[in-house]
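What follows is the residue order along each chain.
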Amino acid sequence: MNMVGLSRRTFLAAVALVSSAPAMAAAGEPDTVVRAIYDRAAQGQGDEGGMFLFDEGVRRRNFSSALEALWRKAEAIAEANDEPVLDFDPVTNSQDPDVKSFTVASEARTDATALLAVTLTGRFTERAQAADAVVRYVLVLEDGSWRIDDLRGSVDGEAWSLRAILKQRTGE
């Protein structure tokens, strides 16, 4: 379902849910932001990654300042060329978001960084390669909140990184 198919009430409820994640993250657990995103996706609340990525206010509260700045540069270039910033949903690592359930595992953590792996199970489709069902989040502690500094995954065994895609689009 795309954003057009959401009622105003559902849209505002989704914004409130995702927007509350950074406040909860300040309590100390880096997975709070990530779990809020996937709780929404698993409940089928619309455009799974779209709200998180394309709503500027939500993005500012969830992305590190460096990733947000890189996104804004890529977005300006994309708009000037009348093309999307991304041609897939990195949150679900797909063209057609399909999340039935998910697990979040911590792979590494320091006082200022965390690496989390989210393993996705779809309602309708199974991934051709198991690695394609995993999205990794690099988080940094910034201004007292855990913020997303990169998303990483693979498609058909080919690795991708949100940061690398944005850098390529901006020529950095």
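Reading the values: the criteria
Residues numbered from 1 in each chain as written. Predicted model: local features only at pLDDT ≥ 70, side-chain atom pairs only at ≥ 80, totals over all residues. Heavy atoms only, no water. Helix = DSSP H or I, 4+ residues; strand = E, 2+ residues; numbered from the N terminus. Buried < 20%, exposed > 50% of the residue type's maximum accessible area, 1.4 Å probe, protein only. Contact = heavy atoms within 4.5 Å. Areas by Shrake-Rupley, 256 points an atom, 1.4 Å probe, with all protein chains shown as cover. Expected span 1.5 Å × (residues − 1). Salt bridge = Lys/Arg side-chain N within 4 Å of Asp/Glu carboxyl O. Axes fitted to C-alpha atoms, helices over the stretch in contact; angles between N-to-C directions. Parallel < 35°, antiparallel > 145°, perpendicular 65-115°, else oblique. Left-handed = near helix turned anticlockwise from the far one by under 90°. Nonpolar A, V, L, I, M, F, W, Y, C, P; charged D, E, K, R; others polar. Core = buried A, V, L, I, M, F, W, Y, C linked by side-chain atoms within 4.5 Å. Pairing = 2+ DSSP bridges.

Draft legend 1. A look at the overall build of the protein chain. Of the regular secondary structure elements, the protein chain holds 7 helices and 5 strands. Across the protein chain, helices and strands are ordered from the amino to the carboxyl terminus as α-α-α-α-α-α-β-β-β-β-β-α. Across the 172 residues of the protein chain, 48% fall into the buried class. Relative to all contacts within the protein chain whose residues are 6 or more apart in sequence, the contacts with residues 24 or more apart total 55%. Carbon and sulfur atoms form 51% of the exposed surface of the protein chain, whose accessible area is close to 8700 Å².

Draft legend 2. Summary view of helix H6 (residues 65-80). Taking 1.5 Å as the rise per residue, H6 with 16 residues should run 22 Å; its terminal C-alpha atoms sit 23 Å apart, in good agreement. In the segment just after H6, Asp82 is the residue with positive phi, at about 50°.

Draft legend 3. Structural view of the pattern of salt bridges. Within the structure shown, the criterion is met by 11 salt bridges. Residue Arg35 is joined to Asp31 by a salt bridge in which the shortest nitrogen-to-oxygen separation is 2.7 Å. A residue pair is termed a helical-turn pair when its members lie 3 or 4 positions apart in one helix, as Arg35 and Asp31 do in helix H3 (residues 31-42) at 4 residues. Of the charged contacts in the structure, one is a salt bridge between Asp149 and Arg163, with a shortest N-O distance of 2.7 Å. Linking Asp149 in strand E4 (residues 145-155) with Arg163 in helix H7 (residues 162-170), this pair joins segments that are 14 residues apart in sequence. A relative accessible area of 17% means that Asp149 is categorised as buried. A relative accessible area of 19% means that Arg163 is categorised as buried. Through salt bridges with shared partners, a single network forms among Arg59, Glu68, Arg72 and Glu75.

Draft legend 4. Representation of the packing of H6 against H7 in the model. The contact between H6 and H7 brings their axes to 9 Å, and the two run at 45°. As the angle between them shows, H6 and H7 are arranged oblique. Considering the relative orientation of H6 and H7, their crossing is left-handed. Taking contact as the criterion, the partners of Ala66, Leu67, Leu70, Trp71, Lys73, Ala74 and Ile77 in H6 are, on H7, Leu162, Arg163, Leu166, Lys167, Arg169 and Thr170. Partitioning the contact of H6 with H7 into residue classes produces 8 nonpolar, 1 polar and 4 charged.

Draft legend 5. Structural context of H3. The terminal C-alpha atoms of H3 lie 16 Å apart, and with 12 residues this matches the ideal 16 Å at 1.5 Å per residue to within 8%. In terms of residue burial, H3 counts as a mostly covered element, since 10 of its 12 residues are buried. Of the positions making up H3, those classed as buried are Asp31, Thr32, Val33, Val34, Ala36, Ile37, Tyr38, Arg40, Ala41 and Ala42.

Draft legend 6. Summary view of the nonpolar core. Grouped together as the largest cluster of nonpolar side chains are 34 residues, with contacts concentrated most on Tyr38, Tyr137 and Ile148. Taken together, the elements giving at least two residues each to this core come down to H3, H6, strand E1 (101-109), strand E2 (113-121), strand E3 (134-142), E4 and H7.

Draft legend 7. Up close: the sheet that holds E4. Pairing in this open sheet of 5 strands is antiparallel, and the strands run E1-E2-E3-E4-E5 from one edge to the other. A single partner strand is all that each edge strand has here, and the edge strands are E1 and strand E5 (158-161). Between one strand axis and the next, the sheet turns by 25° as a mean value, whatever way the strands run. In this structure, E4 lies alongside E5, joined through 4 bridges in antiparallel fashion. Looking at E5, one finds that Ser154 is bridged to Ala159. Against the sheet, H3 makes contact with E1, E2, E3 and E4, and its axis sits at roughly 165° relative to E1, the strand it touches most. Contacting E4 and E5, H7 crosses the sheet at an angle of about 75° to E5.

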